[in-house]
Amino acid sequence: MIAGRFVAYEATPTRLLARISPWLFPGIESAHLLGLCALGGTLLVVDLRMLGVGLTSQPLDALARAVHPWLEASLALILSTGVLLFMSEAVRVLHTPSFWVKVATLLLAIFYTFTMRRRVAARPGGDTSRLTRVTGAASLLLWLTAAAAGRWIGFSS
Amino acid sequence: MSILAVLEWLAATRWSVALHESVYVWPLLESLHVLCLTIFVGTAVMLDVRLLGVAMTRIPASAFTQRLLPWTRGGFAIMVITGVLLFTATPVDYYHSSSFRIKLILMAIAGCNVWFFHSPHGLES
């Protein structure tokens, strides 16, 4: 029943996309990947700092605050291109286990980033505590899993 | 011996065939290659936006070049290694791909930019 709705829903964007240009889907996919690079960079800078490497001369809270707008911007890009990608192959992807792993982990990662990680990063003077290191490691693990599951969607038939 | 002849020889080796037909190895290698982009391009992008003066301007740029570039270099190293391995799976196909050739040319140009940046005439000398 749900799949039926997605079949009808998918038909229009797919045909529309293909009619505009055969380069449109690869283009959206590339934009998704570039968004991933940008998002990865914003996440890495803070997560590495939380783990005690990278830009260690900067206080964590100032760094996290400076990076945050870029995190939001790259997240917006990757989410919007992701929705477009989903729309173009919704039916196939709903039957792919990797997709579900990816979505679940992605939602968890976003929630985690905007709640616990943000709070831990904003604590003044908490730069080297164990909580900070664990938070940074957990963030990396969550996002890496989401990205890997996302890539694996492409390998599933 | 032409490049194509060498690549055709490579494509016929047991290694290449095995990699090309692998169920998990090639996808895992490719995933590693793509995910490493986040380290390589991600840290490079952070450095670039700082150099452009649009982000984190209160942090000295030297902190970025000293502390973040090692990660960029490390990421690049992994990308080159995985990239070469991926190439060996279907060398002839990549040889004929115009997108692949464009990619290599753009990488060479980017490399020139990096070299210039670190040369005595560049910013980070």
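Predicted, not measured: the structure shown is a model, and the values here were computed from it. (Residues numbered from 1 in each chain as written. Chains lettered and ligands numbered in written order. Predicted model: local features only at pLDDT ≥ 70, side-chain atom pairs only at ≥ 80, totals over all residues. Heavy atoms only, no water.)

(A) A look at the packing of helix 6 (residues 130–155) of chain A against helix 3 (residues 25–51) of chain B. Where helix 6 of chain A contacts helix 3 of chain B, the axes come no closer than 10 Å and their chain directions differ by 135 degrees. As the angle between them shows, helix 6 of chain A and helix 3 of chain B are arranged oblique. The chirality of how helix 6 of chain A crosses helix 3 of chain B is right-handed. Contacts between helix 6 of chain A and helix 3 of chain B involve Ala147, Ala148, Arg151, Trp152 and Phe155 of chain A from the former and Trp26, Pro27, Leu28, Glu30, Ser31, Val34 and Leu35 of chain B from the latter. Residues belonging to the contact of helix 6 of chain A with helix 3 of chain B are distributed by class as follows: 9 nonpolar, 1 polar and 2 charged. (Axes fitted to C-alpha atoms, helices over the stretch in contact; angles between N-to-C directions. Helix = DSSP H or I, 4+ residues; strand = E, 2+ residues; numbered from the N terminus. Parallel < 35°, antiparallel > 145°, perpendicular 65-115°, else oblique. Left-handed = near helix turned anticlockwise from the far one by under 90°. Contact = heavy atoms within 4.5 Å. Nonpolar A, V, L, I, M, F, W, Y, C, P; charged D, E, K, R; others polar.)

(B) Summary view of the interface of chain A and chain B. If you look at the interface, chain A gives 24 residues, while chain B gives 26 residues. Between chain A and chain B the total buried area reaches about 2,200 Å² when both faces are included, carbon and sulfur atoms providing 83% of it. Our count for the contact surface shared by chain A and chain B stands at 1 salt bridge. Residues Arg151 of chain A and Glu30 of chain B are paired through a salt bridge, measuring 2.7 Å at the closest nitrogen-oxygen approach. Across the chain A-chain B interface, the total number found is 3 residue pairs in polar contact (both at pLDDT 80 or more). Looking at the side of chain A that touches chain B, the elements that each hand over two or more residues are helix 2 (24–50), helix 3 (60–88) and helix 6 of chain A. In terms of residues, the side of chain A that touches chain B owes the most to one element, helix 2 of chain A, which gives 9 residues. Its residues assigned to classes, the side of chain A that touches chain B shows 16 nonpolar, 7 polar and 1 charged. (Buried area = accessible area lost by both parts, 1.4 Å probe. Salt bridge = Lys/Arg side-chain N within 4 Å of Asp/Glu carboxyl O. Polar contact = N/O pair within 3.5 Å; in protein donor to acceptor, adjacent residues only side chain to side chain.)

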